[in-house]
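# Remarks on the overall topology
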Protein chains: 2
Amino acid sequence: MRLLTVGSIAFDTIETPRATRERIIGGSANFASAAAVHFVAPAMVGVVGDDYPEEWLAALRARGVDTSGVRREPGESFFWHARYHDNFADRTTVTTRLGIFERFDPRVPEALRDAELVFLANITPDLQARVLGQLARPAFTAMDTMNLWIRTAREKVLALVPAVDCVLVNDEELAGLTGAASPFEGLRELARMGARVVVVKMGPRGSVLFAGGSFFWAPAFPVADVVDPTGAGDSFAGAFLGCIGAMGGAGPRDLKRALLYASAVASFAVEAFEPRALLGLTRDRIQERYMFLRHLINY
Amino acid sequence: MRLLTVGSIAFDTIETPRATRERIIGGSANFASAAAVHFVAPAMVGVVGDDYPEEWLAALRARGVDTSGVRREPGESFFWHARYHDNFADRTTVTTRLGIFERFDPRVPEALRDAELVFLANITPDLQARVLGQLARPAFTAMDTMNLWIRTAREKVLALVPAVDCVLVNDEELAGLTGAASPFEGLRELARMGARVVVVKMGPRGSVLFAGGSFFWAPAFPVADVVDPTGAGDSFAGAFLGCIGAMGGAGPRDLKRALLYASAVASFAVEAFEPRALLGLTRDRIQERYMFLRHLINY
């Protein structure tokens, strides 16, 4: 089962209350794919500049990620500089330089067009739609978005909602998209707009799924020592979709299970800078956190 | 089944980002008892000044609260003035005037000494211990505390932990008491100190129970419009203990059920100033939110 992710492949400079790391590996496609390797065979579509380390792409390939859809172009890779405040409750974007990402025109390689699972990460809604149009017959498609597109292209984001099976957003994006005061209302509203499955990621508050008229809440795994929350949402999405793929279905029980696994995997993402540790996880460590979360809500 | 609560019976002045209310009904014993009426027969032990409205005590009695343990003394009632910031994420105490509460020496009336359930709310650990000493043979005792006593009388607070069946604190208090980085570690630590049942209340993040070596997490009911979080923790405690009393047991399943009911009841507390709305709740409205929470974690 293949999960195709289209998103950013970036350099991040991250300032946290305790440390700063410059030009490290970042980007939604990297985090989602590093999380998904534990469930399915991921593939990435994206673009990097001539400054991007081949070593990282090789590390992904060594873990089974298909990088044939990653084009290398002359110029600078996407760069994002962020600063976290208030014990990670808030963050500010210091700089965004699109670099070669500005001209990004996603082309899904022939061999990847029959991917069963698709994750349209934080690219523009136009590009998300263009990727969807290149795919043969995906079994399960999901989209994320970001505040920038909600502000500048809200109608286009909303137009895409009924075209995918699942919308995965954070609570701020959900409020921006729907105008709803509570995540629960927001989820209902997105479902009314046509998405079959909707998920809101709320960081340490956990995540909520709305599907088939029912809500399900997965707690966040209690991380004692947050290092860098960057990429947690993309890791969550990668694991969620990967888990659906591994189970071969998206029924109510599958979705709940996938949500708990996603919560488990995302907790590892916040414990380190970069998606490297995520890529190197063992199935046992994921299983241990999944079981903890499973017991936590065992009534 | 009787739940005896010993705590403050106060006037509160509350400033929120949207409204200010002066000298309204507050205090831990009021909130806990108003929540507990829906499960058991509450009784309060406390003290008020000659400025305290008899009308409120009559309202409690009309709903079945035994106020024979509330002494009226010449002088000013306990007064607390608080200001909420940052969309209720933070609060500052502007003023605390103990008034007649400064000389409070809790005496449990003869007729209440055989109460089966006891909640030692936010009074000093010395007074909490003195109350425990006056009781015949309570079936289930719980204590709360507050940051002031953790700072000024931490050893006394900790000495009381093994003397009660249950410790109910918020996450900040838990961190202060145990020094643990995560609520889960803090709960384990408190259990090691001798409490059989420990609960941490984390506001919108829900609550976690640790008992018999297992954790259980109850989500918070998603309140769309928070009016005033004051008293939510005491309402939670009153409903938790009341529910244990109503079920007549404190086995694993009873405790989990009580946690979900407590979460449901506390959600009503934050939707209004004062404990009046809580007192007037119907069983149906509580049941509806309990069922919502129950389904929310139904795996």
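Quick look at the structure, then. (Residues numbered from 1 in each chain as written. Chains lettered and ligands numbered in written order. Predicted model: local features only at pLDDT ≥ 70, side-chain atom pairs only at ≥ 80, totals over all residues. Heavy atoms only, no water.)

### Looking at the relation of the copies chain A and chain B
Overlay of chain A on chain B (RMSD 0.0 Å): rotation 180°, translation along the axis 0.1 Å. Classification of the inter-copy transformation places it as that of a two-fold axis. Relative to the rotation axis, the C-alpha of R205(A) is the closest in chain A, positioned 2.5 Å from it. Mapped onto chain B, 100% of the interface residues of chain A again fall at the interface, so both copies present the same surface. (Least-squares fit on C-alpha atoms with pLDDT ≥ 70 in both. Contact = heavy atoms within 4.5 Å.)

### Considering the interface of chain A and chain B
By convention, interface size is frequently given as the accessible area that disappears when the constituent parts associate. In this assembly, 23 residues from chain A lie in contact with 24 residues from chain B. Of the roughly 2300 Å² buried between chain A and chain B on both sides combined, carbon and sulfur atoms contribute 68%. Ranking the residues of chain A by area buried against chain B places W217(A), L296(A) and Y299(A) at the top, with a combined share of 38%. In this assembly, chain A and chain B are joined by 0 salt bridges. (Buried area = accessible area lost by both parts, 1.4 Å probe. Salt bridge = Lys/Arg side-chain N within 4 Å of Asp/Glu carboxyl O.)

### With respect to unusual backbone geometry
All names here are of chain B. The phi dihedral of N87 falls on the positive side, at around 55°, and the residue is not glycine. Among the structural elements, N87 can be located in the loop between β6 (78–85) and β7 (90–97). Note on N87: relative accessible area 67%, which makes it exposed. The residue F88 is not glycine, and still its phi comes out positive at about 75°. Looking at the secondary structure, you find F88 in the loop between β6 and β7. (Helix = DSSP H or I, 4+ residues; strand = E, 2+ residues; numbered from the N terminus. Buried < 20%, exposed > 50% of the residue type's maximum accessible area, 1.4 Å probe, protein only.)

### Quick look at the sheet that holds strand β2 (residues 10–15) of chain A
All names here are of chain A. One open sheet holds the 4 strands; their spatial order is β3-β2-β6-β7, and the pairing between them is mixed. The sheet terminates laterally at β3 (20–26) and β7 (90–97), the two strands that pair on one side only. Across this sheet, the average inter-strand angle for adjacent strands is 25°, counted without regard to direction. Across 6 bridges, β2 lies against strand β6 (residues 78–85) in parallel orientation. Paired with A10 across the bridge in β6 is F78. (Pairing = 2+ DSSP bridges. Axes fitted to C-alpha atoms, helices over the stretch in contact; angles between N-to-C directions.)

Function cannot be read off these values alone, since they describe shape.
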